[in-house]
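So you can see what is in the structure, the chains are spelled out below.
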Amino acid sequence: MNKYMNNNTGEMAKYEAVIGLETHVELSTNTKMFCGCALSFGAEPNTRTCPVCLGLPGTLPVINSKAVQFAIKTALALNCSINKSSIFHRKNYFYADMPKNYQISQYNRPLASNGFLDVDMGSYVRRVGITRVHMEEDTGKLIHTGSSGRISESDASIVDYNRAGTPLIEIVTEPDIRTPAEAKEYLIALRNIILYLDVSDCSMEQGSLRCDANISLKPAGAKSMGTKTEIKNLNSFRFIQRGLEYEYKRQAGLLEEGKKVLQQTRHYDHLTDTTSALRLKEEAHDYRYFPDPDLVPLIMDKDAVQDIKREIPELPGEKIKRYLEVFGLPDETARLIASDKDTAQYFDRCANILGPGKLKAAANWITGDFAAYLNKESLKIKQSGISAESLCSLIEMIEGGRISSKIAKSVFEEMAQSKKEPQDIIMEHNLEQVSDEGELSKIIDEVIAANDEVVQQVKDGKDKAIGFLIGQVMAKTKGKANPALVNGIMSKKLKK
Amino acid sequence: MQLNFLTAHKLKKMLEKREVCASDIAASIQESCEKLQPKINAYINFDKSILQKQAEEIECYIAAGGKLHDFTAIPVAVKDNICTHGIKTTCASKILADYVPVYDATVIKKLQEHKYVLAGKANMDEFAMGSSNENSAFGPVKNPLDLQMVPGGSSGGPAAAVCAGMAICALGSDTGGSIRQPASLCGIVGLKPTYGLVSRYGLISFASSLDQVGPITRDVTDSANLLSAISGWDQCDSTSINTGKVSYKDFLVDDIKGLNIGVPKQLMAEGVDSQVADSVNNALEMAQHLGANIEQISLPSLEYALSVFYVIAPSEASSNLSKFDGVRYGYRNMQASTLHQMYRQTRAQGFGPEVKRRIMIGTYCLSSGYYDAYYEKAQRVRTLIINDFKKAFEKYDVLISPTSPTTAFKIGEKTGDPLSMYLSDICTIPVNLAGLPAISIPCGLSSENLPIGLQIIAGTLREDLIFKTAYSLEKAIGFNKFPLHLYE
Ligand SMILES: [Zn+2]
């Protein structure tokens, strides 16, 4: 059982939540869904438009085949079956951000259906059914003038159609999710897969990943479903969980009081951490779906689907499995590395260079000092300037005894700062570990000669005192002495 | 004969022999337009300075040794629902009264390659909805052969322009008969090509699954040549068909010996004026003399064609016309203080009554709870109609029927009764539902001296059979009717 359900009040366990998510993902194709305009985030308003995406009279849409490929790739990664023939419908409603006052979308014959995503909750796995994956075009953006940005307080609204026609996929789950935490983890896992597929940048801040949730409550163990509400504006992983938690409590409260939950669309406000119902008028839509007569059915031939399937890289779940079973990495390390595509790729490159004997060292670096550095500097691994090859040569030097692991840390720091190769840094600062027995023997003799008292203590059986002597040797060599070698020689000399 | 009553293929020969120049042709058209536009109202936008400028450019082109194409220097009237870059394109609607497109329709680009001359933007029923050209925000068009009469619709302007010598030929659009019916009522030739043969890119949609651009011409030869000029696959239109380059004039053969002609009894049923039926039967007799086999046939599903059409076309139209909302272009009501008020008032004032009627019908048919009973069912019956035609074309090369059940009717006669107006497309509508090609050629005159049109229908992409049959019958019938009285 997860901790949310066992949480504080009794009401939490009394009702079981039934949650489904609808996620919109903007695809990062070069051009829009039905025209040749470049995609753009942050471009001058209305500069990335053409007669087609402005819906000018007489224009016609033409399907972007790259967008279809991206959508199929995603659907396959979510274990969906691709429908042999799918149809684009028109979803009719009036709004000023819609150039045609209908959105080209898919309705009863979507691109793909019947998939699933396994969400790892640590102590258990929640399999979330994917009802469908379909394609559609995005709308433009309305900007309400005035400081608040709210329509009710503005005196004019202006519209930017740059986003209009951006290819979107919508991923709809079965109502299989049982807790707000699962909803959050589902979305994290989904995002990670899509990032692995490289079909979207999945930025929730920029709106290229957007999520709406449905939630209803039923008495724990009951079969019948409760009345659901839809929650919009869940624009971060945190808000997904918070919004659903609030809605759970609100619905549970109503049920406790014997009141009815109304079927509503509710808006999550992260400032107050509450949801509020949208006005009825705003949700009373009859979209009058019908097949878009300007487009022909999308026929998917098996070979094309197979070709796309072959392009799917190893996904996070498979990666974790390989790290655990083949590489023998600790569970937490494996998950941490796989949770970021670039990190996993980086690690895989290191593992390739280093081979099975030393790849654990790479994993430790990547999740340890390297991660700490990136975190401190707010960098992505790609931006670090440290290539896998450089990190590996650093590791090779440690493993080969050329530098101590303590020195290695400072070498790494300099690598990060100066982007120099570890080899060069070591040469430049003369940091190579001293493993010459003759040389070390000489230094040890000097230390022994200078510390009669401590030497006596050791000889009297105070073994711990030897640490001080070794420390002296390290200090004399500026940390470059091979500690294992020093220890051996020192012990031998003192036992004489 | 005045230059403006000649065909494009005749003018081409004269241009080749240097018997005329581009400016002569343009001047002749300009003269007739200046004289007749006030009487006929064939154009919404006619600009003589643009006409002259184009003619001058083409003179230079020809002088520089430029190739003479079929439509080089030929003034073509373009229905005002086909987008012309920088030139107003209104759809005969108040809502687009000042709309200037920023691009050219594909058919216009193709004619530009021919170095054609845009004669003007021709009047039409608003958004191509109508059969009499009385639903225009810019006033009705008169039939040049009898100014009391309608020219037919919705391509009434293009048909009247060609009939009256205000253009050599024209581009119309045909959703349920909008090229063929006015061609029939004006005594000229109108072709609706196979759906997908001509790109719709730049044609302002009425009903996307039915609309086709096609030629309106003085004779069958010009029809074939104009189709060759405007047809062809277009990457901008997902519904366009790739046939490769076809020269349709190669099918203009005067030989229908052994041709199997079916006459669907559903298209010769009650409601067809007896003079119209007689005239068509006359033509069929001629065909028989020329060696064709004529048989009566039955396509039972055609009985439902009108009903199916008036579900599907308004449904698509209701969605296609939602973009006219005052937000981005076109007419906007400036008094409105909210978005929804602006939508309502803009559309209430911008659209005419017939357009509103069809938007209402279509919105209703697509509404949840009614979709299955109307739109979905209409699509199923549409499939039956397609299959009935398919079966017929297994046995027959072409089908022949009247184009319109009546000759031109009086202006105002049917405006109060939409249903009787809708019935004037009863013979042409089934063809659009099945996506087939069909032509209307004149086959005779009524006792009132009004032209009667005959429709030849062929199977998908069998324009070859249409041209062969039409060409042969045109020769046999020898129809000739010019509104010369207008010039007296
Ligand atoms: Zn565009």
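Remember, predicted model here, so these are calculated numbers, not experimental data.

Caption draft 1: Main features of the overall build of chain B. Of regular secondary structure, chain B possesses 15 helices and 11 strands. Taken over the C-alpha trace, chain B has a radius of gyration of 21 Å; the compact-globule value for 488 residues is 23 Å, and the two agree within 12%. Reported as C-alpha extents along the three principal axes, the dimensions of chain B are approximately 65 × 55 × 45 Å. Of the roughly 17,100 Å² of accessible surface on chain B, a fraction of 51% belongs to carbon and sulfur atoms. Positive and negative charge centroids in chain B, built from 46 and 49 side chains respectively, lie 4 Å apart.

Caption draft 2: Region of interest: the coordination of the zinc ion. All names here are of chain A. The protein atoms donating to the zinc ion are Cys35 (SG), Cys37 (SG), Cys50 (SG) and Cys53 (SG), with metal-donor distances spanning 2.3 to 2.4 Å. Seen from the zinc ion, its 4 donor atoms lie at angles of 100 to 115°, and the figure they make is tetrahedral. Counting the intervening residues between successive donors of the zinc ion yields the motif C-x1-C-x12-C-x2-C. Linking Cys35 in the loop between β1 (15–26) and α2 (65–77) with Cys53 in the loop between β1 and α2, this pair joins segments that are 18 residues apart in sequence. Per residue, the accessibility class of Cys35 equals that of Cys53, and both read buried.

Caption draft 3: Fine view of empty space enclosed by the protein. One pass over the full model with this rule turns up 3 cavities of 30 Å³ or more. Roughly 200 Å³ of internal volume is contained in the largest cavity. Around the largest cavity sit 24 residues that line it, and Val52, Thr59, Pro61, Lys100 and Tyr102 of chain A are the ones nearest its centre. As a volume, the second largest cavity reaches approximately 70 Å³. Lining the second largest cavity, in full, are Ala128, Gly130, Ser131, Thr175, Gly176, Gly177, Ser178, Phe206, Phe309, Tyr310, Arg358 and Asp425 of chain B. Of the residues in the lining of the second largest cavity, the class split is 4 nonpolar, 6 polar and 2 charged.

Caption draft 4: The arrangement of the sheet that holds strand β3 (residues 117–122) of chain B in detail. All names here are of chain B. Pairing is mixed across the open sheet formed by 11 strands, whose spatial order is β1-β3-β2-β4-β6-β5-β10-β11-β9-β7-β8. Either end of the sheet is taken by a strand with one partner, and the two such strands are β1 (43–45) and β8 (293–297). Going from strand to strand, the sheet's axes swing by 30° on average, the running direction of each strand aside. Where strand β4 (residues 169–174) and strand β6 (residues 212–217) come together, 5 bridges link them in antiparallel fashion. For Ala170, the partnering residue across the bridge sits in β6 and is Ile216.

Caption draft 5: Layout of the packing of aromatic side chains. Residue and element names in this part refer to chain B. Following the criterion strictly, the structure yields 31 aromatic pairs over all chains and no others. Between the aromatic rings of Tyr99 and Tyr329, the centroid separation amounts to 5.3 Å while the plane-to-plane angle is 50°, which identifies the pairing as tilted. Pair noted here: Tyr99 is in the loop between β2 (75–79) and α4 (106–113) and Tyr329 is in the loop between α9 (305–320) and α10 (339–350), with a separation of 230 residues, a long-range link. Grouping residues by exposure puts Tyr99 and Tyr329 together as buried.

Caption draft 6: The arrangement of the packing of helix α2 (residues 22–40) of chain B against helix α3 (residues 48–63) of chain B in detail. All names here are of chain B. Packing of α2 against α3 brings their axes to within 8 Å, and their N-to-C directions diverge by 170°. As judged from the angle between their axes, α2 and α3 are roughly antiparallel. Contacts from Ala22, Ser23, Ala26, Ile29, Gln30 and Glu34 in α2 reach Lys48, Leu51, Gln52, Ala55, Ile58 and Glu59 in α3. A per-class count over the contact of α2 with α3 returns 6 nonpolar, 3 polar and 3 charged.

Caption draft 7: Structural view of the packing of helix α12 (residues 388–399) of chain A against helix α13 (residues 405–418) of chain A. Residues and elements named next belong to chain A. Between α12 and α13, the least distance of the axes is 10 Å, while the angle of their chain directions is 165°. Comparing the axis directions of α12 and α13 gives the class roughly antiparallel. In this structure, α12 meets α13 at a crossing whose hand is right-handed. In this structure, α12 contributes Ser390, Leu391, Leu394 and Ile398 to the contact, and α13 contributes Ser405, Ala408, Val411, Phe412 and Met415.

Caption draft 8: Structural detail: the confidence of the model for chain B. Within chain B, residue pLDDT values average 96, and 100% of them lie at 70 or more. Both scores are available for the predicted complex, with the pTM at 0.91 and the ipTM at 0.96.

Caption draft 9: Spotlight on the domain arrangement of chain A. Domain parsing of chain A yields domain 1 (15–307), domain 2 (314–429) and domain 3 (437–495). Taking only C-alpha atoms, the centre of domain 1 of chain A and the centre of domain 3 of chain A are 68 Å apart.

Caption draft 10: Fine view of the pattern of salt bridges. One pass over the full model with this rule turns up 44 salt bridges over all chains. Between Lys14 of chain A and Glu256 of chain A there is a salt bridge, and its shortest N-O distance comes to 2.7 Å. You can see Lys14 of chain A sitting in helix α1 (residues 11–14) and its partner Glu256 of chain A sitting in helix α4 (residues 237–256), a full 242 residues away along the chain. For Glu256 of chain A, a relative accessible area of 41% translates into the label partly exposed. Across the pair Arg357 of chain B and Glu354 of chain B runs a salt bridge whose closest N-O atoms are separated by 2.8 Å. On the criterion of helical spacing, the pair formed by Arg357 of chain B and Glu354 of chain B is a turn pair, its members being 3 residues apart in helix α11 (residues 353–366). According to the relative accessible area criterion, Arg357 of chain B is partly exposed, its value standing at 34%. Connected via shared salt-bridge partners are Arg90, Asp292 and Asp294 of chain A together with Arg200 and Asp237 of chain B.

About the cut-offs
Residues numbered from 1 in each chain as written. Chains lettered and ligands numbered in written order. Predicted model: local features only at pLDDT ≥ 70, side-chain atom pairs only at ≥ 80, totals over all residues. Heavy atoms only, no water. Helix = DSSP H or I, 4+ residues; strand = E, 2+ residues; numbered from the N terminus. Rg over C-alpha atoms; globule rule 2.2 N^0.38 Å. Areas by Shrake-Rupley, 256 points an atom, 1.4 Å probe, with all protein chains shown as cover. Lys, Arg positive; Asp, Glu negative; His and termini not counted. Charge placed at Lys NZ, Arg CZ, Asp CG, Glu CD. Donors = N, O, S within 2.8 Å, 3.2 Å for Na, K, Ca; no water. Tetrahedral: all angles 85-135°; square planar, octahedral: opposite > 155°, others 65-115°. Buried < 20%, exposed > 50% of the residue type's maximum accessible area, 1.4 Å probe, protein only. 1 Å grid on protein atoms, 1.4 Å probe; cavity = no way out; pocket = protein on both sides within 12 Å on 5 of 7 lines; lining within 4 Å. Points joined across faces, edges and corners; volume = space filled by probe spheres on them. Nonpolar A, V, L, I, M, F, W, Y, C, P; charged D, E, K, R; others polar. Pairing = 2+ DSSP bridges. Axes fitted to C-alpha atoms, helices over the stretch in contact; angles between N-to-C directions. Phe/Tyr/Trp six-rings, centres within 6.5 Å; stacked < 30°, edge-to-face > 60°. Parallel < 35°, antiparallel > 145°, perpendicular 65-115°, else oblique. Contact = heavy atoms within 4.5 Å. Left-handed = near helix turned anticlockwise from the far one by under 90°. pLDDT = per-residue confidence, 0-100. Domains from an automatic or database assignment. Salt bridge = Lys/Arg side-chain N within 4 Å of Asp/Glu carboxyl O.

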